Amino acid sequence: MNQGQPTVSSQIATPPGALTLTPLPAFDDNYLWLLDNGRDALVVDPGDAVPVAAELDRRGLKLVGILLTHHHGDHVSGVEALRPRLRGQVYGPRHERLPEPVQRVGGGAHVELLGLRFTVLDVPGHTAGHIAYYAPAVAAADGSAPLLFCGDTLFSGGCGRLFEGTPAQLHASLQALAALPAATRVCCAHEYTQSNLRFAREVDPDNTALAAYADWCATERAAARPTLPARLGRERLINPFLRCEQPALQMAALRHAPHQLPAQPGPVAVLATLREWKNSYR
C-alpha cells in the first residue's frame, strides 16, 4: 500500500566522522537502508538496485557489504545488479533461498562491517528463516544509540504477516526484539506506520501515547519525511503486537473473536487474533 513515500532519499545526519543512516525509498513503500562512513557503505535488503546505485554514485561511496534479512523478492531482487560494485560479501539467513553466493549466518553469529559488530538474531515468523542484525552502539545525531535492521518482522506500530512461521514463533521473535534497549533505532523495511497506527488505535483507543505518536507521524508524512527509524522504547508503549499480554489488548482480541478464544487468552493467542484481524482491516 502506498503511504505517500518520499520522492528523494532522506539522510539522517550524524556528527562529523560518524556513520550516516539513509532510508532509500523503493517500490511503493519499501525502504532500503544504507549505512556509510563517507567512503564505504553497506546496504540492507536491496530489493531494487537502482536507488542504491544512484546514492552510491551521488556520494562517491564504495559498497562493502550487503545484509539480507529474508528471501522475499522486494528484499533481494537488486543483489545481482549490485554485485559488480560489491567489494565484500552478501550476508543472509542460513535456511532461505537467496541469490548465491551468500555468506550464511544465523542467531548468535556476528558480521563486522564499517567498524561495527552486528549480532545476528533469529526472528522467524514472517518467514521461516528470517533474521535481524543488531549493533549495540552506533553514532547518531543525538548521541550513540543501538541500531536494528529487522526486515519485515517488526514495523512501527505493527508486525509482519505470518507467511511461513507460527504465531508462537512470531511472538517469541517480537519479544526478543522488544527486550533490546529502549534507545534502539528500529530500521523497518516498509513505510507502513500510518496504516499500522490506524489499526492500533482501533484495538487500543485509550492509549494516549499512541494518539500522540499518530499525530507526529501524520505531520512527518505530510512533509514527505519517513517515520523511520522508530525508537524501540516508544514501540513498547504503542505497538499492540509487543503488548499482547496486557488486558486492553486481550479484551480487544476477545471482542473481535469471542467464540475462538478462551475467557483469558494468552499472549500468543492474542497475537494470532490481532494479526488475522489486521490482515483484513481497512
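Residues numbered from 1 in each chain as written. Predicted model: local features only at pLDDT ≥ 70, side-chain atom pairs only at ≥ 80, totals over all residues. Heavy atoms only, no water.

### A closer look at the environment of Thr-20
Definition in use: Elements are defined by DSSP. Helices are runs of H or I of four residues or more, strands are runs of E of two residues or more, and each kind is numbered from the N terminus. Summary of the burial criterion: residues with accessible area below 20% of their type's maximum are buried, those above 50% are exposed, and those between are partly exposed, where the area comes from a 1.4 Å probe applied to protein chains only.
As for its position among the elements, Thr-20 is in strand E1 (residues 20–26). Residue classification places Thr-20 among the buried residues on the basis of a relative accessible area of 13%. Remark: the alpha-carbon pair of Thr-20 and Gly-38, spanning 18 residues in sequence, is separated by 7.7 Å.

### Here's the deal with the sheet that holds strand E4 (residues 62–67)
Defined as follows: Being paired, for any two strands, means DSSP has found at least two bridges between them. An axis is simply a line fitted to the C-alpha atoms; with a helix, the fit covers only the stretch in contact. Between two such axes, the angle follows the N-to-C directions and lies from 0 to 180 degrees. Contacts are residue-level and defined by heavy atoms, with any inter-residue pair within 4.5 Å sufficient.
Spatially, six strands are ordered E1-E2-E3-E4-E5-E6 in an open sheet, and the strand pairing comes out mixed. At either margin of the open sheet sits one strand with a lone partner, and together these are E1 and strand E6 (103–105). Direction aside, the axes of adjacent strands within the sheet are offset by 25° on average. The pairing of strand E2 (residues 30–36) with strand E3 (residues 40–44) spans four bridges and is classified as antiparallel. Each residue of the ladder has a partner; that of Trp-33, found in E3, is Val-44. Contacts between helix H1 (residues 49–59) and the sheet are confined to E1, E2, E3 and E4, with E1 contributing the most and set at about 140° to the helix.

### Description of helix H5 (residues 193–203)
Turn by turn, an α-helix covers 3.6 residues, leaving residues three or four places apart pointing in a common direction. Taken together, the buried positions of H5 are occupied by Thr-193, Ser-195, Asn-196, Leu-197, Phe-199, Ala-200 and Val-203. Packed against the buried residues of H5 are strand E11 (154–155), strand E12 (158–159), helix H6 (208–222), helix H7 (232–238), helix H8 (247–256) and helix H9 (267–279).

### Quick notes on the packing of aromatic side chains
The criterion, for reference: Centres within 6.5 Å make a pair out of two Phe, Tyr or Trp rings, where for Trp the six-membered ring is used; the pair is then stacked when the planes are under 30 degrees apart, edge-to-face when over 60, and tilted otherwise.
With the rule as written, the count across this model stands at seven aromatic pairs. Measuring from centroid to centroid gives 5.3 Å for Phe-199 and Trp-277, while their planes differ by 85°, and the two rings are edge-to-face. Residue Phe-199 is found in helix H5, and its partner Trp-277 is found in helix H9; the two are separated by 78 residues along the sequence. Feature note: the residues Phe-199, Phe-241, Trp-277 and Tyr-281 constitute an aromatic cluster, connected by ring pairs.

### Digging into the nonpolar core
So the rule is basically this: Side-chain atoms within 4.5 Å are what join buried Ala, Val, Leu, Ile, Met, Phe, Trp, Tyr and Cys residues into a set we call a nonpolar core.
Ranked by size, the top nonpolar core spans 64 residues in total, and within it Leu-35, Leu-67, Val-111, Phe-118, Tyr-133 and Phe-149 carry the most contacts. It is strand E9 (residues 131–140) that contributes the most residues to this core, six residues altogether. Discounting chain neighbours no more than four positions away, the residues touching Val-111 are Leu-67, Tyr-91, Val-105, Leu-116, Arg-117, Phe-118, Val-120 and Tyr-133. Counting 20 residues, the second-largest nonpolar core is a separate cluster that includes Leu-24, Ala-26, Leu-86 and Leu-98.

### A look at the environment of Thr-227
Worth spelling out the cut-off: Polar contacts here mean pairs of N or O atoms no more than 3.5 Å apart (in protein, one a potential hydrogen donor and the other a potential acceptor; neighbouring residues in sequence count only if both atoms are side-chain atoms).
Relative to the helices and strands, Thr-227 resides in the loop between H6 and strand E14 (230–231). For Thr-227, a relative accessible area of 2% puts it in the buried group. With 33 residues separating them along the chain, Thr-227 and Gln-194 place their C-alpha atoms 8.8 Å apart. Here the side chain of Thr-227 touches Glu-191 through a polar contact of 2.7 Å, side chain to side chain.

Note that every value here comes from positions in space, so none of it alone points to a role or purpose.
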